[in-house]
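Structural features, examined
Here are the chains, one letter per residue:
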Amino acid sequence: MNDTAADLRFVPLEADDVPTVDAWLRLTTESAEDVPLSAAPHCAADLTGSVRFAPPDTSLAGEVAFLGGQAVGALRLVLPDGAPVAVVDQLLTAPKERRQGIGTALFRRARSLAAEHGRTLLVADVVQALPGGPVRDEGPAAFAAALGATVSDGPEGVHQWLDLDRHDPSAGGVPEVPAGYRLQRWGTVTPDAFAIAVSELGQSLGASPPETWGEGPDAVRTSHVRRYERMRVGRGRRAYHVGAVHEATGELAGFTSASKTTGNPEHLLQGMTVVAAAHRGHGLGLVLKLANLAHVREYEPRVRLIETANADDNRPMIALNEAMGFVPQERFVSWEAPDAPAL
Ligand code: ACO
């Protein structure tokens, strides 16, 4: 270990430790200037909220590396409940401090933290340029390989962007709603009447749900979507939804979800779109997305750039996004580092 890495002091990143959260926020935000735009710019409310509010069924473990009084690196792991993996959500060295072993020290801490939480595998998404696409830093993949990580058979896919100034897929209006369905809008908080259905659709991706979802006020209160909303609200995000209701049965046949951070009035994150298996083949996916885009723009007239990501095996959604004018920007590739003797 070189002198720089040996002098690092690691401080847990905890929501109530305001000075450390502030130092981490500055480091993360300032470092972003060095990274090509693969997501919306950092939003302070979203980032600080993310320290306190983990996604449902996960917990977070993070540390900030200080050199003297200066934050020079950061590490965040997402720990899915009941799984042997720790997902590297952030492993960052301040741009001016790179190639001095800080990343390696962070990686070691990641291994230790993962082991402390009983995890035997570290996994991470690493961004890569697409052939002919925008240039991307090859450093992260070289770094991962240098530390003994390998490309896994985990999910790979593409990040896509739609610039509404270049192409507006809703210029011709929203296509007609297929016969037998009606559209229903809602905002950040899903109506009680749809909370279980949205949770089922989202978790099963439209396949037949398991039998155990339950019903009634307690099931609604503890549903996946309610817990997800808690995180969203805690991160200062606003969300916009459109659902398709099957008129004959009253069932929610599908929905789409898009959300915004507080700090980025021009950026929208296109989240999940799912249509139940029994209701596919009617063009509902495109209708939902375009109707929701119209919904968003009524409330957020400055939205211009829409970001989304799809795994390679979700060809229908990639094709739908391309038809809407989304342009692939980069690939994300899964890497893994199994538990190994200390480096
Ligand atoms: N190009 C080629 N090889 C690299 C590069 C690079 N840009 N950066 C690191 N490496 C390799 C080298 O083999 C290096 O050893 P060397 O300097 O003796 O040649 C080795 O990785 C260790 O490098 P460190 O000095 O320990 O790492 P550093 O502090 O520079 O941090 C990091 C590397 C974290 C990738 C940094 O560039 C960064 O913060 N990038 C932006 C955030 C990011 O993309 N993180 C994802 C990391 S991948 C993952 O989490 C598995």
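The structure under discussion appears in the preceding block.
Values in this document were obtained by computation on a predicted structure and should not be read as measured data. (Residues numbered from 1 in each chain as written. Predicted model: local features only at pLDDT ≥ 70, side-chain atom pairs only at ≥ 80, totals over all residues. Heavy atoms only, no water.)

A few words now on the overall build of the protein chain. Looking only at helices and strands, one finds 10 helices and 13 strands in the protein chain. In terms of overall size, the protein chain behaves like a compact globule, its C-alpha atoms giving a radius of gyration of 21 Å where 343 residues would be expected to give roughly 20 Å. C-alpha atoms of the protein chain, sized along the principal axes, occupy 70 × 45 × 35 Å. For the protein chain, the proportion of its 343 residues judged to be buried stands at 47%. The long-range share in the protein chain, meaning contacts at least 24 apart out of those at least 6 apart in sequence, stands at 71%. Carbon and sulfur atoms provide 53% of the accessible area of the protein chain, an area that totals close to 16700 Å². Taking the 31 positively charged and 43 negatively charged side chains of the protein chain as two groups, their mean positions are separated by 3 Å. (Helix = DSSP H or I, 4+ residues; strand = E, 2+ residues; numbered from the N terminus. Rg over C-alpha atoms; globule rule 2.2 N^0.38 Å. Buried < 20%, exposed > 50% of the residue type's maximum accessible area, 1.4 Å probe, protein only. Contact = heavy atoms within 4.5 Å. Areas by Shrake-Rupley, 256 points an atom, 1.4 Å probe, with all protein chains shown as cover. Lys, Arg positive; Asp, Glu negative; His and termini not counted. Charge placed at Lys NZ, Arg CZ, Asp CG, Glu CD.)

Unfilled space is identified by rolling a water-sized probe across the atoms. The tally for this structure, following the rule as stated, stands at two cavities of 30 Å³ or more. By volume, the largest cavity is sized at about 60 Å³. What lines the largest cavity is Arg-111, Ala-114, Ala-115, Arg-119, Thr-120, Leu-121, Leu-122, Ala-337, Pro-338 and Asp-339. Among the secondary structure elements, those contributing two or more residues to the lining of the largest cavity are α4 (102-116), β5 (121-129) and β13 (327-338). Counting residues per element, the lining of the largest cavity draws most heavily on α4, at three residues. For the lining of the largest cavity, the residue count by class is six nonpolar, one polar and three charged. The space that makes up the second largest cavity amounts to roughly 50 Å³. Every residue lining the second largest cavity is listed: Ala-258, Leu-268, Gln-270, Lys-289, Asn-292, Leu-293, Val-296, Ile-306 and Met-324. Looking at the lining of the second largest cavity, the elements that each hand over two or more residues are β11 (267-275) and α9 (284-299). (1 Å grid on protein atoms, 1.4 Å probe; cavity = no way out; pocket = protein on both sides within 12 Å on 5 of 7 lines; lining within 4 Å. Points joined across faces, edges and corners; volume = space filled by probe spheres on them. Nonpolar A, V, L, I, M, F, W, Y, C, P; charged D, E, K, R; others polar.)

The next point concerns the site of the ligand. Around the ligand, 18 residues are found, and the nearest of them are Thr-93, Arg-99, Gly-101, Gly-103 and Thr-104. Gly-101 is positioned with one of its backbone polar atoms (N or O) 2.9 Å from an oxygen atom of the ligand. Starting from 960 Å² of accessible surface for the ligand in isolation, the protein chains cover 73%. Every element with two or more residues in the shell around the ligand is listed here: β4 (85-93), α4 and α5 (139-146). Taken together, the residues that form the shell around the ligand break down as 10 nonpolar, six polar and two charged. (Near = heavy atom within 4 Å. Polar contact = N/O pair within 3.5 Å; in protein donor to acceptor, adjacent residues only side chain to side chain.)

With that settled, consider the environment of Glu-330. Locating Glu-330 in the fold gives a position in strand β13. Note: C-alpha distance between Glu-330 and Leu-130 (200 residues apart in sequence) is 5.1 Å. In this structure the side chain of Glu-330 is engaged in a polar contact, spanning 2.6 Å, whose partner is the side chain of His-159.

Now for the packing of α9 against helix α10 (residues 315-324). Their axes nearest at 11 Å, the elements α9 and α10 cross at an angle of 50°. Relative to α10, α9 is oriented oblique. As for how α9 packs across α10, the hand of that crossing is right-handed. Here Gly-285, Leu-286, Lys-289 and Leu-290 of α9 come into contact with α10, specifically with Met-317, Leu-320, Asn-321 and Met-324. A per-class count over the contact of α9 with α10 returns five nonpolar, two polar and one charged. (Axes fitted to C-alpha atoms, helices over the stretch in contact; angles between N-to-C directions. Parallel < 35°, antiparallel > 145°, perpendicular 65-115°, else oblique. Left-handed = near helix turned anticlockwise from the far one by under 90°.)

Moving on, we come to helix α8 (residues 224-234). Within α8, burial applies to His-224, Val-225, Arg-226, Glu-229, Met-231 and Arg-232. Contact partners of the buried residues in α8: α6 (192-204), α7 (217-221), β9 (238-246) and β10 (252-260). Gly-236 lies just past α8 and shows a positive phi near 70°.

Inspection of every chain in the model, using the stated rule, returns three aromatic pairs. Centre to centre, the rings of Tyr-240 and Tyr-299 are 5.6 Å apart; their planes meet at 45°, and the pair counts as tilted. With Tyr-240 in strand β9 and Tyr-299 in helix α9, this residue pair connects regions lying 59 residues apart in the sequence. Classification of Tyr-240 as buried rests on a relative accessible area of 6%. Tyr-299 gets classed as exposed once you look at its relative accessible area, which sits at 53%. Between Arg-109 and the ring centre of Phe-10, over which it is positioned, the NZ or CZ distance is 5.5 Å. (Phe/Tyr/Trp six-rings, centres within 6.5 Å; stacked < 30°, edge-to-face > 60°. Lys NZ or Arg CZ within 6 Å of the ring centre and 35° of its normal.)

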